[in-house]
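# Structural features, examined
Each chain is listed here by its residues.
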Amino acid sequence: AHTHPLLCVGDPLWGDVAVEASVTPEVDGARCGIVFRYRNNRCYYFFGFDADRVALIRVRHEAEFHVPDEVVLAEASFERQPFTEYRLSAVATRDALTGSLDGVDLLSANDDTYGAGKAGVIADDVTRFAGIRVTTTEAAREAFAILRSKRERELDHLREANPKPVLWKRFSTE
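The present account deals with the structure reproduced in this document. (Residues numbered from 1 in each chain as written. Predicted model: local features only at pLDDT ≥ 70, side-chain atom pairs only at ≥ 80, totals over all residues. Heavy atoms only, no water.)

## Considerations on the pattern of salt bridges
Put simply, the test is: Put simply, a salt bridge is a Lys or Arg side-chain nitrogen that is within 4 Å of an Asp or Glu carboxyl oxygen.
Per the stated rule, a full pass over the model turns up 14 salt bridges. Of the charged contacts in the structure, one is a salt bridge between Arg151 and Glu152, with a shortest N-O distance of 3.9 Å. Through salt bridges with shared partners, one network takes in Arg31, Asp50, Arg53, Glu70 and Glu75.

In structure tokens:
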């Protein structure tokens, strides 16, 4: 597939985060897991199950029409069992990315393509998600608050520069 069904939350300014979720795939082989530093449906990091492996993948637009540009940053063979719940966790700190399965750090890579973005879940087939949680450090929360405040000031400035509506005609609607 050139795109994958996903659901995300958060703010595009989220930087260093830990995303975790309980994932219960009901079929074998379909891609399912968590996404982080999500920018749009073609730019994000994925950690989870993909065919017969667990993988940490960077998705970046398309290599060609309907062919996603995906780079496998790290992978390991894994034989998942349908209807078995797994706890997935992805931690992004600066350019260091780590994926954990059931509390064990399994994959790690360094990639600085995306420094911030939203978080979410992704599934190509029937998958149950529970206990989805996104956390960060105090320092990252403070950095986010500063960036969000700056963004709001810029938006306020742009809104002020817009022309103000002017009443140019009155008419009766009766």
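Following the structure, the description resumes.
## Considerations on unusual backbone geometry
Operational definition: A helix here means a DSSP run of H or I that spans at least four residues, while a strand means a run of E at least two residues long, and both kinds are numbered starting from the N terminus. Categorising residues by exposure relies on relative accessible area from a 1.4 Å probe, with only protein chains included: less than 20% of the type maximum marks a residue as buried, more than 50% marks it as exposed, and the intermediate range marks it as partly exposed.
In this model, Ala51 sits at a positive phi of 60 degrees, which is unusual for a non-glycine residue. One non-glycine residue, His66, adopts positive backbone phi at about 60 degrees. Along the chain, His66 falls in the loop between strand 5 (53-64) and strand 6 (67-77). Take His66: its relative accessible area is 41%, and that puts it in the partly exposed class.

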